[in-house]
Amino acid sequence: MNKAILVIAIIATLAIGGALTYKTLQPSDQTDTTQETDQPETPEETETTTEELDTTVSTEPEETTTEPEETELQELEEPEETIPEPEPVMLNITHEYTHFGFMHPEHLQEMTDLGIYWQRPHPGPFVWGLIEKEQGSYDWSEADAEVQRSQEYQINIIATIWPFADWDQEVCNTRLSSMETKMFREIGEYRGKPCDMEAYSAFVSAVVERYDGDGVDDMPGLTMPIKYWEVSNEPSMQEVLVFFTGTPEEYHEILETTYNAVKQADPDAMVVQGGMSGLHGDSTDFWDSVLADGGAEYFDIANIHSIGQSSENLMASEYRDYLASFDIEKPFWVTEAQYGNKMEKDQPTGEEWAFFITKSYVRAYSGGAEKIFYVGLEESPGVESTWVIGRDGPQEMYYAFDTMVDKLDGWTTVEQIEDDLYLFTGEKTVYVCWGTLPALTGTVTVTYWDGNTQSIDISSLEIKDEPVYIEAQ
């Protein structure tokens, strides 16, 4: 009988007799236990006692085990498999590279019927104080509702971030008069640079995270993420219609802070410059300072507005040259295109506006504009005959847009051949002209502004002021 069995037997005997409390014996303990018996043992006595103890131990419940149970070995040999958490699925936006959009449209079904899938809510619900009414407490109800409404129609949003929260602004800024906040009251009664830029940055990160579509802290039910964020709007407008009260340097700081917070939350997101309110003195004076100080480092897409003017090209080529004067080579959008002046006595007809606006879009795309957002899907500040949907339903502009989107959207390059002749290539190869004909021969397909088409030998085609789309057969 080996020594291990002897030790176990001794322990069992002592435990039964109450001579000592059970403990796991170490090698040194064997000597101590032998001394406690205080009597020397002969080999025979030890062997006899051990055999008796063996019988006793085998009839009592085992208090110790020298070997692990089979199931315990299996657990040691085969640890429980941990199932990894599924990785978030990144949502992608659709129609990202289409070229047409509307500003704050209401008739989304009619908008998508036209094949247009971009909208710019204005002022929109992405206002710091509208979402974070108290510091650290977010109310997403209005922003979520706008996103849900758009994604029902697969419409993308360019979202304007407004850096104003009254609870923050009142610390260091002056409240505007009721006249100054008469329009767009929802963006706040103060419109200066945030007093707590760290708190503002945290808000930007939170709002971008909620709508970025990465599966982390997203809006419940999000299917159409927001990937384009505009930093305020027309910050040079600081009188009568007030969008900002601050210096170019302060806007530069807002721009930089917003850019960094957006990119931290969503590195794939694009930051859009707060739209320039045209190329007049106040606007260019303000932006000269921002851009000369390196402001273009903090936006990915430049942005110009053409409002209340009858611009033949939405100032696209002039804006391209303006950016080039600061060595800025970035894509640019026209996020507000509004035509006409209600104060003018003699107004063009709806058909005349359809001709003019079609030409204006063609020239703007040729001048470098990548996207154009039209102000006037329905009632808007523009001249009523420029509305797409009038009081009694679709107007001339509806059919002009329907034709323009069908023939031009999906273009990748635009070439100006003459002032009245342009070539769009991409999903289709289409000439747009209103005077000079393309150098084609034989039968061509001609589409007129209202969608009517005809096949005709180009040598027999005569056009004057009306823009037409020509495709080779």
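Right above here is the structure, for reference.
Owing to the predicted nature of the structure, the values given are computational and were not obtained by experimental measurement.

Visitor: Would you take a moment to explain the state of the cysteines for this structure?
Guide: Disulfide: a covalent bond formed between the sulfur atoms of two cysteine residues. The full count for this structure, using the stated rule, is one disulfide. Each disulfide pairs two cysteine sulfurs, and for Cys-172 the partner residue is Cys-195, the sulfurs being separated by 1.9 Å. Between Cys-172 and Cys-195 the disulfide shows an S-S torsion of about -95 degrees. By sign, it is left-handed. Remark: Cys-195 occurs in the loop between helix H8 (166-169) and helix H9 (197-210) and Cys-172 occurs in the loop between H8 and H9; sequence separation between them is 23 residues. A relative accessible area of 45% places Cys-172 in the partly exposed class.

Visitor: Sorry, what's going on with the pairing of strand S10 (residues 369-374) here?
Guide: Sheet faces and side chains relate simply in a regular strand, where the side chains alternate between the two faces. Burial within S10 is extensive, with five of its six residues counted as buried. Bridging between strand S1 (residues 100-103) and S10 involves three bridges; their strand directions are parallel. Paired with Phe-102 across the two strands is Tyr-374, which belongs to S10. Where strand S9 (residues 332-337) and S10 come together, three bridges link them in parallel fashion. Each residue of the ladder has a partner; that of Val-334, found in S10, is Ile-372. Taking the sense of rotation as the criterion, the β-α-β connection linking S9, helix H13 (residues 350-366) and S10 turns out right-handed.

Visitor: Any chance you could explain the sheet that holds strand S14 (residues 421-426) here in plain terms?
Guide: By definition, the strands of a sheet pair up through backbone hydrogen bonds, in either a parallel or an antiparallel sense. Within the open sheet, the six strands sit side by side as S13-S14-S15-S18-S16-S17. Their pairing is antiparallel. This sheet does not close on itself; its edge strands, each paired only once, are strand S13 (411-418) and strand S17 (453-457). Across the sheet, the mean angle separating the axes of adjacent strands is 25 degrees when strand polarity is ignored. Where strand S16 (residues 443-448) and S17 come together, five bridges link them in antiparallel fashion. Across the sheet, the residue bridging to Thr-443 is Asp-457, located in S17. Along the sheet, H13 contacts S13, S14, strand S15 (430-433) and strand S18 (468-472); its crossing angle with S14, the most-contacted strand, is approximately 65 degrees. In this fold helix H14 (residues 396-408) packs onto S13, S14, S15, S16 and S18, with an angle of close to 30 degrees to the strand it touches most, S18.

Visitor: Got a minute to help me understand the nonpolar core in this structure?
Guide: Burial of nonpolar side chains together is a common tendency in soluble globular proteins. By size, the foremost hydrophobic cluster in this structure holds 99 residues, and its most contacted members are Phe-126, Tyr-211, Trp-229, Tyr-361, Val-388 and Phe-401. Setting aside residues no more than four positions away along its own chain, Val-388 makes contact with Phe-102, Leu-114, Tyr-374, Gly-376, Leu-377, Gly-393, Pro-394, Gln-395, Met-397, Tyr-398 and Phe-401. Among the nonpolar cores identified, the runner-up in size contains 13 residues, and Tyr-431, Ile-458, Ile-463 and Val-468 belong to it.

Rules and cut-offs
- Per chain, the residues get numbers from 1 upward, laid out in the order the sequence is written.
- pLDDT decides what is reported in this predicted model: residues at 70 or higher carry local features, side-chain atom pairs at 80 or more are listed and counted, and totals for whole chains, interfaces and linings draw on all residues regardless.
- As a rule here, side-chain values come from all non-hydrogen atoms in the structure, and water together with hydrogens is ignored.
- Disulfides are defined in this document as cysteine sulfur pairs within 2.5 Å.
- Each helix corresponds to a stretch of at least 4 residues labelled H or I by DSSP, and each strand to a stretch of at least 2 residues labelled E; elements are numbered beginning at the N terminus.
- Whether a residue is buried, partly exposed or exposed follows from its accessible area with a 1.4 Å probe, protein chains only, as a fraction of its type maximum: under 20%, in between, or over 50%, in that order.
- For two strands to pair, DSSP has to find at least two bridges joining them.
- A clockwise path from the first strand over the helix to the second, with the strands pointing away from the viewer, defines a right-handed crossover.
- What counts as an axis is a line fitted to C-alpha atoms, over the stretch in contact for a helix, and the angles between N-to-C directions run from 0 to 180 degrees.
- Residue contacts are counted whenever heavy atoms from the two residues lie within 4.5 Å of one another.
- Each nonpolar core is a collection of buried residues, namely Ala, Val, Leu, Ile, Met, Phe, Trp, Tyr and Cys, held together in the definition by side-chain atoms within 4.5 Å.

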